[in-house]
Amino acid sequence: DTSIISGPTTFLTPCVSTNAPYYTDFDSGFPICWNQDLNDDFDWTLDANGTTSSSTGPSNDMTGGGNYMYIETSSPRTAGQQAVMYSENIDISSLAAAELRFFNHMYGATIADLTIEISDDGGQSYNTIFTRSGGQGNQWNEEVISIAAFSGIVHFKVIGVVGSSFTGDMALDNISIDECFVAVPGCTDTTANNYDPLANLDDGSCLYEVLGCTDQL
């Protein structure tokens, strides 16, 4: 048989939802099932090793040597413009109490706003679950947000807003969706007298039996 189609050919398949737990650090590039908004003012940028402007933005990714996503606020950007990106669909049905965990870098004199919204109805509506404004220091800051109120298949809308000058670069890295960790303090050493099988955070309370003669005479 012969075909009227000669290769190689390129085609796209629809993205299906990914089951939680979920993690991306952008080190393999912009995830194939993430999307840039087509109706915003500009795009988020995949970057490494520091942004092009001084006194703003990260100098490296959160763990060192990898990528992050950021917004570049130098000209031609103007105050109030927005960059919007969407995560892929993530099925959190298997999680009893899901949480979103990520790191942001918001360093600069004219940092504006970073907002994250969630949808569990296919994008028909969104709820704001995180917002931060202004400079937060020259370091990566971890954020942990409960999304236990949502169910089924969710996705996230990430909105970065430009400040009044070029010192408004902000970045995101190491995004994960997993089970919420609830600390239960207690003795976690199985050899201790007061070992607590329900504890998952050792609080230094372990007691040990010491056998021997206690008579000093």
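Refer to the preceding data block for the structure.
Bear in mind the structure is a predicted one, so any value in this text is a computation, not a measurement.

1. Quick word on unusual backbone geometry
Thinking step 1. Following Ala-20, the chain continues to Pro-21 via a peptide bond in cis, the omega torsion being 5°.
Thinking step 2. Considering the arrangement of structural elements, one finds Pro-21 in the loop between β1 (18–19) and β2 (22–24).
Thinking step 3. Note that the residue after Ser-75, namely Pro-76, is joined by a cis bond; omega there is 20°.
Thinking step 4. Looking at the secondary structure, you find Pro-76 in the loop between β5 (68–71) and β6 (82–86).
Thinking step 5. In this structure, Asn-49 is a non-glycine residue whose phi angle is positive, near 65°.

2. Description of a nonpolar patch on the surface
Thinking step 1. There is a patch of nonpolar side chains on the surface, built from Val-182, Val-184 and Leu-198 and spanning about 280 Å² of accessible area.
Thinking step 2. Mapped onto the secondary structure, Leu-198 falls in the loop between β14 (185–186) and β15 (201–202).

3. A look at the state of the cysteines
Chemically, a disulfide is nothing more than a covalent bond linking the sulfur atoms of two cysteines.
Thinking step 1. This model, assessed by the stated rule, comprises two disulfides.
Thinking step 2. The side chain of Cys-15 participates in a disulfide bridge whose partner is Cys-33; the two sulfur atoms lie 2.0 Å from each other. An S-S torsion of about -90° defines the bridge between Cys-15 and Cys-33 as left-handed. Placement of the pair is Cys-15 in the segment before β1 and Cys-33 in the loop between β2 and β3 (35–36), with a sequence separation of 18 residues.
Thinking step 3. Given the relative accessible area of 15%, Cys-33 is considered buried.
Thinking step 4. Two residues share a disulfide in this structure: Cys-187 and Cys-206, whose sulfurs sit 2.0 Å from each other. Measuring the twist about the S-S bond at about 105°, one finds the Cys-187-Cys-206 disulfide to be right-handed. Placement of Cys-187 in the loop between β14 and β15 and of Cys-206 in the segment after β15 is noted, with a sequence separation of 19 residues between them. In terms of burial, Cys-187 and Cys-206 fall into one category: buried.

4. Points about the pattern of salt bridges
Where charged atoms from two side chains of opposite charge approach closely, those side chains can pair.
Thinking step 1. Tallied over the full model, the rule gives three salt bridges.
Thinking step 2. A salt bridge links Glu-143 to Arg-132, with the shortest nitrogen-to-oxygen separation between them at 2.9 Å. With Glu-143 in strand β11 (residues 141–146) and Arg-132 in strand β10 (residues 127–133), this pair connects stretches of sequence that are 11 residues apart.
Thinking step 3. A relative accessible area of 27% places Arg-132 in the partly exposed class.

5. Concerning the side chain of Ser-119
Thinking step 1. With respect to the helices and strands, Ser-119 occurs in strand β9 (residues 113–119).
Thinking step 2. Reaching out from Ser-119, the side chain makes a polar contact with the backbone nitrogen of Gly-123 at a distance of 2.9 Å.
Thinking step 3. Within the structure, the side chain of Ser-119 is placed 2.9 Å from the backbone oxygen of Ser-125, a separation counted as a polar contact.
Thinking step 4. Apart from the residues lying within four places of it in its own chain, the contact partners of Ser-119 are Gln-124, Ser-125, Tyr-126, Ile-153, Val-154 and His-155.

6. Considering the nonpolar core
Thinking step 1. With 34 residues, the main nonpolar core has Trp-44, Ile-92, Leu-100, Ile-129, Ile-147, Phe-156 and Ile-177 as its most contacted residues.
Thinking step 2. Elements with a contribution of two residues or more to this core: β5, β6, β8 (98–106), β9, β10, β12 (153–161) and β13 (170–179).
Thinking step 3. Apart from the residues within four sequence positions on either side, Leu-100 is in contact with Ile-116, Ile-129, Glu-143, Val-144, Ile-145, Ile-147, Phe-156, Ile-175, Ser-176 and Ile-177.

7. Digging into the side chain of Gln-36
Thinking step 1. By the element assignment, Gln-36 lies in strand β3.
Thinking step 2. Within the local environment of Gln-36, its side chain forms a polar contact with the backbone oxygen of Trp-44, the two atoms lying 2.9 Å apart.
Thinking step 3. Residues contacting Gln-36, with those up to four places away along its chain left out, are Phe-30, Asp-43, Trp-44, Met-69, Val-84 and Met-85.

8. Considerations on the packing of aromatic side chains
Thinking step 1. In the structure shown here, the tally under the stated rule is six aromatic pairs.
Thinking step 2. Judged by centre distance (6.4 Å) and plane angle (45°), the ring pair of Tyr-86 and Tyr-126 falls under tilted. With Tyr-86 in strand β6 and Tyr-126 in the loop between β9 and β10, this residue pair connects regions lying 40 residues apart in the sequence.
Thinking step 3. Residue Tyr-86 is classed as buried on the basis of its relative accessible area of 18%.
Thinking step 4. Each residue in the set Phe-26, Phe-30 and Trp-34 is aromatic and connected to the rest through ring pairs, giving one cluster.

Cut-offs and rules
Residues numbered from 1 in each chain as written. Predicted model: local features only at pLDDT ≥ 70, side-chain atom pairs only at ≥ 80, totals over all residues. Heavy atoms only, no water. Helix = DSSP H or I, 4+ residues; strand = E, 2+ residues; numbered from the N terminus. Patch = residues over 30% accessible without salt bridge, like charges linked within 9 Å, V, L, I, M, F, W, Y side chains within 5 Å. Areas by Shrake-Rupley, 256 points an atom, 1.4 Å probe, with all protein chains shown as cover. Salt bridge = Lys/Arg side-chain N within 4 Å of Asp/Glu carboxyl O. Disulfide = S-S within 2.5 Å. Buried < 20%, exposed > 50% of the residue type's maximum accessible area, 1.4 Å probe, protein only. Polar contact = N/O pair within 3.5 Å; in protein donor to acceptor, adjacent residues only side chain to side chain. Contact = heavy atoms within 4.5 Å. Core = buried A, V, L, I, M, F, W, Y, C linked by side-chain atoms within 4.5 Å. Phe/Tyr/Trp six-rings, centres within 6.5 Å; stacked < 30°, edge-to-face > 60°.

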